[in-house]
Amino acid sequence: MKTNDAIRALAALAQGTRLEVYRLLVQRGPEGMPASAIAEKLDLPNATLSFHLKELSQAGLVSARQDGRFIHYSANYPVMDALVGYLTENCCGGEDCGVVCEPVKNAKRKSA
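Residues numbered from 1 in each chain as written. Predicted model: local features only at pLDDT ≥ 70, side-chain atom pairs only at ≥ 80, totals over all residues. Heavy atoms only, no water.

Undergrad: Before we go on, may I ask you to explain the overall build of the protein in this structure?
TA: Scanning the protein for helices and strands turns up five helices and three strands. Order of helices (α) and strands (β) in the protein, N terminus to C terminus: α-α-β-α-α-β-β-α. Here the protein, with 112 residues, has 29% of them falling under the buried criterion. Considering only residue pairs separated by 6 or more positions, the protein has 60% of its internal contacts joining residues 24 or more positions apart. Approximately 7,900 Å² of the protein is accessible, and the part contributed by carbon and sulfur atoms is 51%. (Helix = DSSP H or I, 4+ residues; strand = E, 2+ residues; numbered from the N terminus. Buried < 20%, exposed > 50% of the residue type's maximum accessible area, 1.4 Å probe, protein only. Contact = heavy atoms within 4.5 Å. Areas by Shrake-Rupley, 256 points an atom, 1.4 Å probe, with all protein chains shown as cover.)

Undergrad: Just checking my understanding: could you explain the nonpolar core for this structure?
TA: Soluble globular proteins tend to pack their nonpolar side chains together in the buried interior. Judged by nonpolar contacts, the single largest core of 23 residues is most densely connected at Val21, Tyr22, Leu25, Ile38, Leu49, Leu56 and Leu61. Apart from the residues lying within four places of it in its own chain, the contact partners of Ile38 are Val21, Leu24, Leu25, Met33, Leu49 and Tyr73. (Core = buried A, V, L, I, M, F, W, Y, C linked by side-chain atoms within 4.5 Å.)

Undergrad: I tried to follow the packing of helix 2 (residues 16-28) against helix 3 (residues 35-42) on my own but got confused; where do I start?
TA: In a pair of packed helices, the angle between the axes and the distance between the axes together describe the arrangement. Running from amino to carboxyl end, helix 2 crosses helix 3 at an angle of 115 degrees, the nearest separation of the two axes being 11 Å. Judged by the sense of rotation from one axis to the other, the crossing of helix 2 with helix 3 is right-handed. Listed contacts from helix 3 to Glu20, Val21, Leu24 and Leu25 of helix 2 are Ile38, Lys41 and Leu42. (Axes fitted to C-alpha atoms, helices over the stretch in contact; angles between N-to-C directions. Left-handed = near helix turned anticlockwise from the far one by under 90°.)

Undergrad: I would appreciate a short explanation of the confidence of the model for the protein in the present structure.
TA: Detailed conclusions should not be drawn from predicted coordinates in areas where pLDDT is low. Confidence along the protein averages 87 in pLDDT terms, with 87% of residues attaining 70 or more. Low pLDDT, under 50, characterises residues 104-112; the stretch is placed with one contact to residues that sit more than four places away or in other chains. (pLDDT = per-residue confidence, 0-100.)

So this is what it looks like as C-alpha cells:
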C-alpha cells in the first residue's frame, strides 16, 4: 500500500460514524449488508449513511454491489489487510522485540 492510500483510508476511519459503519461491515463478513439494514442497525438517517458510505468507498475500504432494488455494502478485506500490513511492516525496525505485529482475533476492546 502506498502512503497516500494509507492516509486516505485512515482519514476515512478517523470519524466516529464511519468507523462504526466500517466495523459493522467487517463483522458481517464478505456478504455485507444492504444500506437500509446498516441505517436501521446504527439508527442513521439514509442521507447521513449515504455520505459516510461514499467516503469509505472512495477510500477503497468498502465495496458496493447491486442486488435487485438494494445495494449491499461489504468491507474490502484486501484493502484492510494492506492497511494493517502498511502500519506494521516496520514493526520494531525488524528487530525481535517480543511484540506480535499481527491483528489479534476476537480481542475484547475496552471502552475509553
